[in-house]
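This is what each chain is made of:
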Amino acid sequence: MEIRPLSIDGAWEVTPRQFGDPRGVFLEAFKADALQQATGRRLDLAQVNLSVSAAGTLRGVHFADVPPGQAKYVVCPRGAVLDVVVDIRVGSPTFGQWDSVLLDDTDRRAIFLSEGLGHAFCALEDDSTVTYLCSTGYNPSGEHGIHPLDPEVGITWPTTARDGSALEFRLSEKDTAAPTLSQARESGSLPTAESVTEFLRSIAVD
């Protein structure tokens, strides 16, 4: 597989090699040793989440307190989503910026996000299925969000579904009520670049 860093430090795009024949396709969707070699850290798997979303569904921008944070390895085995990483680390040179990867059942890419980053996606097709390999379990008291349509972050969400139809965004009540990036910063809920760097040093491998 090919693993390349995104423009946000701590996030990578993973492109697997696919082997097809008349029976179908085989690929290695996750390789711990390859990920560790490319990123310099392990992904200690604690929980696997799965979501199924209608076209136009926006989930995120979600993040967790650091430490321990929550690293995520995200794939879309069915359908298609635009997956987005947002730098929410106060003091980071790319604070407030974002990058994205198209995850779908054609190229079967993945995205890996380190602790301290925000994560969101938009489903481009009904029944789009997303699987998340997570480094920590769900901790409701340590989970936070930023509104995915916050103009300060300015994510360019797709307006057209996979079939060419217009997308109508759908948000949960929780995401609709989420603060803007500035509000989250003022409340003190965002991680600092310094605290994230210190934590990542503690789990780095030689």
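Reading the values: rules and limits
Residues numbered from 1 in each chain as written. Predicted model: local features only at pLDDT ≥ 70, side-chain atom pairs only at ≥ 80, totals over all residues. Heavy atoms only, no water. UniProt positions renumbered as here; feature names shortened; annotations may be inferred. Pairing = 2+ DSSP bridges. Helix = DSSP H or I, 4+ residues; strand = E, 2+ residues; numbered from the N terminus. Axes fitted to C-alpha atoms, helices over the stretch in contact; angles between N-to-C directions. Salt bridge = Lys/Arg side-chain N within 4 Å of Asp/Glu carboxyl O. Buried < 20%, exposed > 50% of the residue type's maximum accessible area, 1.4 Å probe, protein only.

The protein chain carries the name dTDP-4-dehydrorhamnose 3,5-epimerase in an unreviewed UniProt entry, which gives Williamsia serinedens as its organism. One UniProt comment on the protein chain, placed under Sequence similarities (unreviewed entry), says "Belongs to the dTDP-4-dehydrorhamnose 3,5-epimerase family."

Draft legend 1. Structural context of the sheet that holds strand 10 (residues 110-113). With antiparallel pairing, the six strands of this open sheet are ordered in space as 1-2-10-7-12-5. Each of the sheet's edge strands pairs with one partner strand only, and the pair in question is strand 1 (2-5) and strand 5 (47-53). Taken pair by pair, the neighbouring strands of this sheet meet at an average axis angle of 20°, ignoring direction. Sheet topology places strand 1 next to strand 2 (residues 11-15); four bridges connect them, and they run antiparallel. Directly across from Pro5, in strand 2, lies its bridge partner Trp12.

Draft legend 2. Molecular detail of the pattern of salt bridges. Taken as a whole, this structure holds eleven salt bridges when the rule is applied. A salt bridge links Arg23 to Asp21, with the shortest nitrogen-to-oxygen separation between them at 2.6 Å. With relative accessibility at 78%, the residue Arg23 sits in the exposed group. Of the charged contacts in the structure, one is a salt bridge between Asp87 and Arg89, with a shortest N-O distance of 2.9 Å. Considered together, Asp87 and Arg89 belong to a single accessibility category, that of buried residues. A network of salt bridges, in which partner residues are shared, links Arg4, Glu13, Asp107 and Arg109.

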